[in-house]
Amino acid sequence: QVQLVESGGGLVQAGGSLRLSCAASGRTFSSNVLTWFRQAPGKEREFVAAARSGGSTLYADSVKGRFTISRDNAKNTVYLQMNSLTPEDTAVYYCALHVGVVVTDPNEYKYWGQGTQVTVSS
C-alpha cells in the first residue's frame, strides 16, 4: 500500500512563505506523479502542482511564479515552496500520488495524505 504524510503547514502573514513536505512510503511505484491539491472552505478541491519522477513539473495558473514544486526521489519526498502568500491561498493542502501520467482531476487519484492546514492572514 501507499502512505503519504504531509507536514509544514501553519499560519503566516500575507507576503510570507511556507514550505510543505510530503513523504511517500510503501508501494510508491517506479514511475509516479506526486501532486499537491488544496481545498478551501466551500470550494472544490483544486489542482496546485505536480512533479513526475522524471523531473517535469506542472503548475496551476493561480500559483505559477509563486510556488515551486520539487522532489527528492532518493527520499521519496515532494516539496512545495510557497512564496508571496495571500489569504486566497488559505486551504487544506493535500498530497496525492498517481501512477504514470500527470492528472489534474482529484477524482482520478486513489492515494492521498491527510492534509495540512495553511492559513494566510491579512
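Look up: the structure comes first, before these words.
As the structure is a prediction and not an experimental result, all values here were calculated from the model.

A. The nonpolar core, seen in detail. Leu4, Trp36, Leu80, Met82 and Tyr93 are the most contacted members of the largest nonpolar core, which has 36 residues in total. Elements supplying a minimum of two residues to this core: β1 (2-7), β3 (18-26), β4 (32-39), β5 (46-52), β7 (67-72), β8 (77-82), β9 (91-99) and β11 (116-121).

B. Highlighting the environment of Ser17. Relative to the helices and strands, Ser17 resides in the loop between β2 (10-13) and β3. A C-alpha to C-alpha distance of 5.4 Å links Ser17 and Met82, two positions 65 residues apart in sequence. Other than its neighbours up to four places away in sequence, Ser17 contacts Val12, Gln81, Met82, Asn83, Ser84 and Leu85. Engagement of the side chain of Ser17 in a polar contact is seen with the side chain of Asn83, the distance being 2.8 Å.

C. Focus on the sheet that holds β7. An order of β1-β3-β8-β7 is seen for the 4 strands of this open sheet, with the pairing classed as antiparallel. Looking along the sheet, the strands with just one partner apiece sit at the ends: β1 and β7. Shown here is a sheet whose adjacent strand axes are inclined to one another by a mean of 15°, direction ignored. Here β7 runs beside β8; their pairing, made up of 6 bridges, is antiparallel. Looking at β8, one finds that Thr68 is bridged to Gln81.

D. Region of interest: the state of the cysteines. Evaluated as defined, the whole model comprises 1 disulfide. Paired by a disulfide, Cys22 and Cys95 hold their sulfur atoms 2.1 Å apart. Across the S-S bond of Cys22 and Cys95 the torsion is about -80°, and the bridge reads as left-handed. A residue pair is termed long-range when its members are at least 10 positions apart, and Cys22 in strand β3 and Cys95 in strand β9 qualify at 73 residues. Taken as a pair, Cys22 and Cys95 share a single burial class, namely buried.

E. Representation of the pairing of β7 within the structure. Only one face of β7 is buried: it carries Phe67, Ile69 and Arg71, and the other face, with Thr68, Ser70 and Asp72, is open. The antiparallel pairing of β7 with β8 creates a hairpin that spans 4 residues between the two strands, and Asn76 there sits at a positive phi of about 55°.

F. Main features of the pattern of salt bridges. Using the criterion set out here, one finds 4 salt bridges in the structure. Put simply, Asp61 and Lys64 hold a salt bridge, and the shortest N to O gap is 3.2 Å. Several salt bridges converge on common partners, so that one network encompasses Arg38, Glu46, Arg66 and Asp89.

Rules used throughout
- Within every chain, residues take consecutive numbers counted from 1 along the sequence as written.
- The predicted origin of the model limits local features to residues at a pLDDT of at least 70 and limits the giving and counting of side-chain atom pairs to 80 or more, whereas totals for whole chains, interfaces and linings rest on all residues.
- Heavy atoms from the whole structure form the basis of all side-chain values; hydrogens and water molecules are not counted.
- Take the buried residues of types Ala, Val, Leu, Ile, Met, Phe, Trp, Tyr and Cys, join any two whose side-chain atoms come within 4.5 Å, and each joined set is a nonpolar core.
- Relative accessibility decides the category of a residue: with a 1.4 Å probe and only protein chains considered, values under 20% of the type maximum give buried, values over 50% give exposed, and everything between is partly exposed.
- Only DSSP runs of H or I covering at least 4 residues are called helices, and only runs of E covering at least 2 are called strands; the numbering of each starts at the N terminus.
- When checking whether two residues touch, look at their non-hydrogen atoms; a contact exists if any pair is within 4.5 Å.
- Any N or O atom pair separated by 3.5 Å or less is treated as a polar contact, with the protein-specific requirement of one donor-capable and one acceptor-capable atom, and with residues adjacent in sequence counted only for side-chain atom pairs.
- A strand pair is defined by DSSP finding two or more bridges across the two strands.
- Throughout, an axis means a line fitted to C-alpha atoms (over the contacting stretch in the case of helices), and angles, computed between N-to-C directions, take values from 0 to 180 degrees.
- Only a pair of cysteine sulfur atoms within 2.5 Å qualifies as a disulfide here.
- Criterion for a salt bridge: a side-chain nitrogen of Lys or Arg within 4 Å of a carboxyl oxygen of Asp or Glu.

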